[in-house]
Amino acid sequence: MRIDWWTIGLQTINLVVLLWLLGRFFFRPMAKVVADRQAAANALLDDAKAAQDKAEAAIRDAEAERDRTIAAREAALDAARKEAEGQRAKLVEAAHAEVQRQRADAEMAITHARGQAEAQMARHANELAADMAARLLEGPGAKLPLSAFLPELGQALSALPETTREALATSAESAHLLSARPLGDQDKAAAHEAISRALGHEASLTFDADPALIAGLRLSGGMAVLDVNLRADLDRVTAKLDNPDG
Amino acid sequence: MTVEEISVLSAAIAVSFGALGPGLGEGRAVAAALDAIARQPESAGTISRTLFVGLAMIETMAIYCLVVALLVLFANPFVK
Amino acid sequence: MNSPLVVEPVFHIGPVPVTQPVVATWAIMALMVLGALLLKRSLTQRPGKVQAVAELITGALDDQIRDVVQSDPAPYRVLIGTIFLFVLIANWSGALPGVEPPTAHLETDAALALLVFVATIYHGVRSNGLVGYLKTFAEPTWIMIPLNLVEQITRTFSLIIRLFGNVMSGVFVIGIMLSLAGLLVPIPLMALDLLTGAVQAYIFAILGCVFIGAAVSEGRDAGSPERSAS
């Protein structure tokens, strides 16, 4: 057995040279190509990623925009709704107030009308009562003598103020004496005498009859009208009944 | 017996026994590998690659015997 | 029959005897460099068929180295890749008529193993420092120093003998078959040789890678399981 050292040496040199050559011409270019391709792929991926990021950002923007729009619309709707509700509440309130007022008016009117009606009715009743009283008194009143009224007339005349009394039934302007029935001469004289006494001077009188007085006298002249008769009494009573407050 | 005759005989013995052990070992290795592939077909690639390497390793034992036999036959230092 | 252990010089350059394996190696080298140059000239970003195959090979090599070394394959790619490709082509060159594979001779295998040996020391020192690398011989205890030293030698020798024995036995058996049976009969054996050659090239490269990886990583994690690989 013989080992050829020369061959070992030569083969070692050969292999080292081959190592260098292959490293230079095969492995390094291959690695470079692969690395280049990887870099290109990475660049492409980065580009794609950037594009994707941009697209996603755009989508996010659009979504934010949409959200904003929705929010604005909702706010507007809200405001409109609130306003509408406010309006409606105001309208309802106004309507309520109107209704209340109208009802109050109506009630007042009703009350008023009722009051008026009642007053009317009362008045009618009073008038009816007065009429009835007048009819009732017609008979007995006619029988009452003049002398029943003269003192009262005299008292009424005495109650008059001085100036009025003096101006009443003067010769320049005679007073008018109404009686229920036509007076006889005797009665006329008694009335003239009683009135003249009450006035303090000679009375100038004209006589007339009016059955509406029922019974009694009415002396009218100048500014004064003196009623001493049942009709006037009835009227007073009726007026009192009509207006119980006053 | 001359040295040459003994050398031939010993070379034959070396190769025969050197083939025996690795043969048994390789049989076991292949059997185990087939079993593993049957259990896990998805890892057949890895198993068969490892099997080849292992078989080459085992076969190296037989090769050693062959080299010794060749040395005995062709480069016997005791043959003048 | 000629002894497979002896090489005869084909011619002499001065005092240097040039043997048949050296000539075959030169031819293979020329072939590989020529192919690499042609490939390099047509390298593009969009690979053709040839470039795709080349990239597939280098990619697979990178993957294997990464698996074994557990780090970036770039520093080891050129050495391991060159060894793999050279051993593969050299083993398959035996299929050509009249060519004896250079790896069928001890000297070529010894040169390859020497390369691996030197690279192991280089990378071990480079990654751990000289002292750090020497300290790995005292793992796990200082008693192991002689054994570790012997292991360095024996595993290199086993590397040599494995490749040599496999390829040489193939050539030898084919020669015997040819002399006994004649033409065409050794063809199945030659096909088997192709398979053996590919597997042996792979094993040689991977073992070299394992040795280097062990030397690099032993400083990091003491006691690699790959150390005792024969």
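Quantities reported herein were computed from a predicted structural model and do not represent experimental measurements.

Procedures and definitions
- Residues numbered from 1 in each chain as written.
- Chains lettered and ligands numbered in written order.
- Predicted model: local features only at pLDDT ≥ 70, side-chain atom pairs only at ≥ 80, totals over all residues.
- Heavy atoms only, no water.
- Helix = DSSP H or I, 4+ residues; strand = E, 2+ residues; numbered from the N terminus.
- Buried < 20%, exposed > 50% of the residue type's maximum accessible area, 1.4 Å probe, protein only.
- Contact = heavy atoms within 4.5 Å.
- UniProt positions renumbered as here; feature names shortened; annotations may be inferred.
- Salt bridge = Lys/Arg side-chain N within 4 Å of Asp/Glu carboxyl O.
- Polar contact = N/O pair within 3.5 Å; in protein donor to acceptor, adjacent residues only side chain to side chain.
- Nonpolar A, V, L, I, M, F, W, Y, C, P; charged D, E, K, R; others polar.
- Axes fitted to C-alpha atoms, helices over the stretch in contact; angles between N-to-C directions.
- Parallel < 35°, antiparallel > 145°, perpendicular 65-115°, else oblique.
- Left-handed = near helix turned anticlockwise from the far one by under 90°.
- Pairing = 2+ DSSP bridges.
- Core = buried A, V, L, I, M, F, W, Y, C linked by side-chain atoms within 4.5 Å.
- pLDDT = per-residue confidence, 0-100.
- Phe/Tyr/Trp six-rings, centres within 6.5 Å; stacked < 30°, edge-to-face > 60°.
- Lys NZ or Arg CZ within 6 Å of the ring centre and 35° of its normal.

## A word on the side chain of Ser169 of chain C
- With respect to the element layout, Ser169 of chain C can be found in helix α6 (residues 145-181).
- Residue class for Ser169 of chain C comes out buried when judged on its relative accessible area of 11%.
- Apart from the residues lying within four places of it in its own chain, the contact partners of Ser169 of chain C are Ile63 and Leu66 of chain B together with Phe164 of chain C.

## Details of the UniProt feature "transmembrane region" (unreviewed entry) in chain A
- Annotation from UniProt places "transmembrane region" (unreviewed entry) at residues 6-27 of chain A.
- Helix makes up 100% of residues 6-27 of chain A and strand 0%. Its end C-alpha atoms lie 29 Å apart.

## Thoughts on the UniProt feature "transmembrane region" (unreviewed entry) in chain C
- When the UniProt feature table is mapped onto this chain, "transmembrane region" (unreviewed entry) is found at residues 20-39, 76-96, 108-125, 163-187 and 199-217 of chain C.
- Here residues 108-125 of chain C is 100% helix and 0% strand, with 26 Å between the C-alpha atoms at its ends.

## A few points about the interface of chain A and chain C
- Listed as interface residues are 29 residues of chain A and, on the opposing side, 44 residues of chain C.
- With its nearest N and O atoms 2.7 Å apart, the salt bridge here joins Glu55 of chain C to Arg37 of chain A.
- Here chain A is connected to chain C by 5 residue pairs in polar contact (both at pLDDT 80 or more).
- Partitioned by chemical class, the residues of the side of chain A that touches chain C number 20 nonpolar, 5 polar and 4 charged.

## Thoughts on the pattern of salt bridges
Residue and element names in this part refer to chain A.
- Here the structure, examined in full by the defined rule, presents 13 salt bridges over all chains.
- Here Lys49 makes a salt bridge to Asp53, at a shortest N to O gap of 3.4 Å. With Lys49 and Asp53 both in helix α1 (residues 5-143) and 4 residues apart, the pair spans about one turn of that helix.
- Taking the relative accessible area as the measure of exposure, Asp53 reaches 35% and is therefore partly exposed.
- Where Glu65 meets Arg68, a salt bridge forms, and the shortest distance between an N and an O atom there is 2.9 Å. In this pair, Glu65 and Arg68 are both assigned in helix α1, 3 residues apart and thus about one turn of the helix distant.
- Accessibility expressed as a relative area gives 42% for Glu65, which makes it partly exposed.
- Beyond isolated ion pairs, a larger network of salt bridges with shared partners links Glu98, Arg101 and Asp105.

## Examining the packing of helix α3 (residues 74-93) of chain C against helix α7 (residues 187-217) of chain C
Residue and element names in this part refer to chain C.
- Viewed as axis vectors pointing N to C, α3 and α7 meet at an angle of 160°, and their least axial separation amounts to 8 Å. Here α7 runs roughly antiparallel to α3, going by the angle between their axes. Regarding α3 and α7, the two cross each other, and that crossing is right-handed. Facing α3, whose interface residues are Tyr76, Leu79, Ile80, Ile83, Phe84, Val87, Leu88, Asn91 and Trp92, α7 presents Leu194, Gly197, Ala198, Gln200, Ala201, Tyr202, Phe204, Ala205, Gly208, Cys209, Ile212 and Val216.
- The residue inventory of the contact of α3 with α7, partitioned by class, reads 17 nonpolar, 4 polar and no charged.

## Some points on the sheet that holds strand β2 (residues 205-209) of chain A
Residue and element names in this part refer to chain A.
- In spatial order, the strands read β2-β1-β3-β4; together these 4 strands make up an open sheet with mixed pairing. Two strands in the sheet have a free side with no partner beyond their single neighbour: β2 and β4 (224-229). Pairs of neighbouring strands in the sheet enclose a mean axial angle of 15°, with direction left out of account.
- With 4 bridges joining them, strand β1 (residues 175-179) and strand β3 (residues 216-221) adopt antiparallel strand pairing. Its bridge partner lying in β3, Ser179 is registered against Leu217.
- Relative to the sheet, helix α2 (residues 150-159) contacts β1, β3 and β4, its axis offset from that of β4 by approximately 150°.
- Of the strands in this sheet, β1, β2 and β3 are in contact with helix α4 (residues 185-199), which crosses β2 at around 135°.

## Quick look at the UniProt feature "coiled-coil region" (unreviewed entry) in chain A
- Within this structure's numbering, the places UniProt gives as "coiled-coil region" (unreviewed entry) are residues 41-72 of chain A.
- Its end C-alpha atoms 45 Å apart, residues 41-72 of chain A is made of 100% helix and 0% strand.

## Let's talk about the packing of α6 of chain C against α7 of chain C
Residues and elements named next belong to chain C.
- Direction vectors running N to C along α6 and α7 enclose 175°, while the axes themselves pass 11 Å from each other. Accordingly, the angle class assigned to the pair α6 and α7 is roughly antiparallel. Only Leu189, Met190, Asp193, Thr196, Gln200, Ile203, Phe204, Leu207 and Phe211 of α7 make contact with α6, whose side of the interface consists of Arg155, Leu159, Arg162, Leu163, Asn166, Gly170, Val171, Val173, Ile174 and Met177.
- For the contact of α6 with α7, the per-class residue count stands at 12 nonpolar, 4 polar and 3 charged.

## Remarks on the nonpolar core
- Formed by 67 residues in total, the largest nonpolar core has its most connected members in Phe26 of chain A together with Leu79, Ile80, Phe86 and Leu112 of chain C.
- Of all the secondary structure elements, the ones that give two or more residues to this core are α1 of chain A, α2 (44-74) of chain B together with α1 (20-41), α2 (49-69), α3, α4 (106-128), α6 and α7 of chain C.
- Filtering out sequence-adjacent residues up to four positions away, Leu112 of chain C remains in contact with Leu15 of chain A together with Ile83, Phe86, Val87, Thr103, Leu163 and Phe204 of chain C.

## Observations regarding the confidence of the model for chain C
- Overall, the prediction assigns chain C a mean pLDDT of 85, with 92% of residues at 70 or greater.
- Counting interchain partners and residues more than four positions distant, the pLDDT-below-50 stretch residues 222-230 of chain C has 17 contacts.

## Focus: the side chain of Thr25 of chain C
- For Thr25 of chain C, the position within the fold is in helix α1.
- If sequence neighbours within four positions are ignored, Thr25 of chain C has contacts with Gln11 and Asn14 of chain A together with Phe86 and Pro102 of chain C.

## Description of the packing of aromatic side chains
- In the structure shown here, the tally under the stated rule is 3 aromatic pairs over all chains.
- Aromatic side chains Phe74 of chain B and Phe172 of chain C sit 5.8 Å apart centroid to centroid with 90° between the ring planes, which places their arrangement in the edge-to-face category. In this pair, Phe74 of chain B sits in helix α2 while Phe172 of chain C sits in helix α6, so the two residues belong to two different chains.
- Under the relative-accessibility criterion, Phe74 of chain B is labelled partly exposed at 29%.
- Pairing Tyr133 of chain C with Phe137 of chain C gives two aromatic rings, centres 5.4 Å apart and planes at 80°, and the pair type is edge-to-face.
- Across the ring face of Phe211 of chain C, the terminal group of Arg155 of chain C is positioned such that the distance to the ring centre comes to 4.1 Å.

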